[in-house]
Amino acid sequence: MNPTALMIMLLSLAIGTTMTLMSHHWLLAWIGLEINTLAIIPLMTKTPHPRAIEAATKYFLTQASASALILFSATMNAWKTGEWSITLLSDPYTITLSMALMMKLGLAPLHFWLPEVIQGIPLSTGLILSTWQKIAPMTLLLQISHLTDLKLLITMGLTSILIGGWGGINQTQLRKVMAFSSIGHLGWMVLILKFNPQLTLFNFLLYITMTAAMFFSLMSISSTKISEISSSWPKSPILVTTMMLVLLSLAGLPPLTGFSPKLLIILELAKQNTLLLASVTMLASLLALFFYLRLTYVMILTLSPHIPPSSTHWRTTKNSPLTATMTTLALLIFPLSPTFLLII
């Protein structure tokens, strides 16, 4: 893609998200979401392949449907209350706005577009779609969390955790694995949204860090399939080792970064006397743990300790400082979790 066009698209992404973050008005928030949607579509189709065109079309139709629902609900709410304020919602329109925002995020059962779209686009665009594009809808969801129906959030959260784990088990494509991982993590965030919005924000920030670290690592070794990642050890042993640790961090194993949000969410659910919900959530998360461990097992099983380094020196990959920084954050933030929570 032309560097000037690429710069314009990235700038539009930044402007759209910033506009939504700064707005107190549903119309301005909707405009920011629309700018975000339109700015990423050229990035999806920068590789002129039928799969990329199909992914961009699916993404556009889904996001346009959700945006139409947001605009319609906000207009009807303004007609009823006389206010366009984001935090002032009347009862019937809170649910429709919440569902539309969850559709934009890709929460189950409104998730069917997400794996197919991420599978059809390049890794760099998949990184933007899995991280940056979720900031604006999640911010709006956080702002209306006190008005959202608790049963809806719990149902959507548990469904997303189950679908995210179940859908990722049988995948051989790494982009689809990351898509189902995203669905599962968003389920954890929505589950705790009504009880503790600050904890949802903390979980969201750590999710962005860990997902970005994984995508940067995959981009460094140019792997999109499990079979490719399993043969990447000769290219970059250190990077493959840190990728295994990032996968375990995404799974939520201690003492890595991903353990802290899951621990704090379970503790918050126990504090709210919802022990049954906490137990079901932990059992559902075992499905996701299985496919993370399966990926790690594939990488360990196919290591090549008998290949001398000199024979594969020409295949080594250069690791960018950004990849190293994100990987370090994705692995070592756990001891600093109390400090971040105090800041939030």
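Residues numbered from 1 in each chain as written. Predicted model: local features only at pLDDT ≥ 70, side-chain atom pairs only at ≥ 80, totals over all residues. Heavy atoms only, no water.

1. A short note on the nonpolar core
Counting 51 residues, the largest nonpolar core has M214, I229, M243 and L269 as its most contacted members. Broken down by element, this core gets its largest block of residues, eleven residues, from helix α10 (residues 197–221). Residues within four places of I229 in sequence aside, it is in contact with L174, L218, I221, S223, M243 and M299. Formed by 30 residues, the second largest nonpolar core is a distinct cluster that contains A29, L33, I70 and L140. (Core = buried A, V, L, I, M, F, W, Y, C linked by side-chain atoms within 4.5 Å. Buried < 20%, exposed > 50% of the residue type's maximum accessible area, 1.4 Å probe, protein only. Helix = DSSP H or I, 4+ residues; strand = E, 2+ residues; numbered from the N terminus. Contact = heavy atoms within 4.5 Å.)

2. Things to note about the pattern of salt bridges
All told, the structure shown has four salt bridges when counted by the stated rule. Among the salt bridges present, the one from E116 reaches R51, with a minimum N-O distance of 3.8 Å. Residue E116 is found in helix α5 (residues 113–120), and its partner R51 is found in helix α3 (residues 50–81); the two are separated by 65 residues along the sequence. Here K271 makes a salt bridge to E268, at a shortest N to O gap of 3.7 Å. (Salt bridge = Lys/Arg side-chain N within 4 Å of Asp/Glu carboxyl O.)

3. So, the packing of aromatic side chains
Tallied over the entire structure, the rule returns four aromatic pairs. Between the aromatic rings of F291 and Y292, the centroid separation amounts to 4.6 Å while the plane-to-plane angle is 40°, which identifies the pairing as tilted. You can call F291 buried: its relative accessible area is 1%. Residue class for Y292 comes out buried when judged on its relative accessible area of 2%. The residue whose ring lies beneath K262 is W188, and the NZ or CZ to ring-centre distance is 5.2 Å. (Phe/Tyr/Trp six-rings, centres within 6.5 Å; stacked < 30°, edge-to-face > 60°. Lys NZ or Arg CZ within 6 Å of the ring centre and 35° of its normal.)

4. Examining the UniProt feature "transmembrane region" (unreviewed entry) in the protein
Per the UniProt record, "transmembrane region" (unreviewed entry) is annotated on residues 150–170, 201–218, 238–256, 276–301 and 322–343. For residues 201–218, the end-to-end C-alpha separation is 26 Å, with 100% helix and 0% strand making up the annotated structure. (UniProt positions renumbered as here; feature names shortened; annotations may be inferred.)

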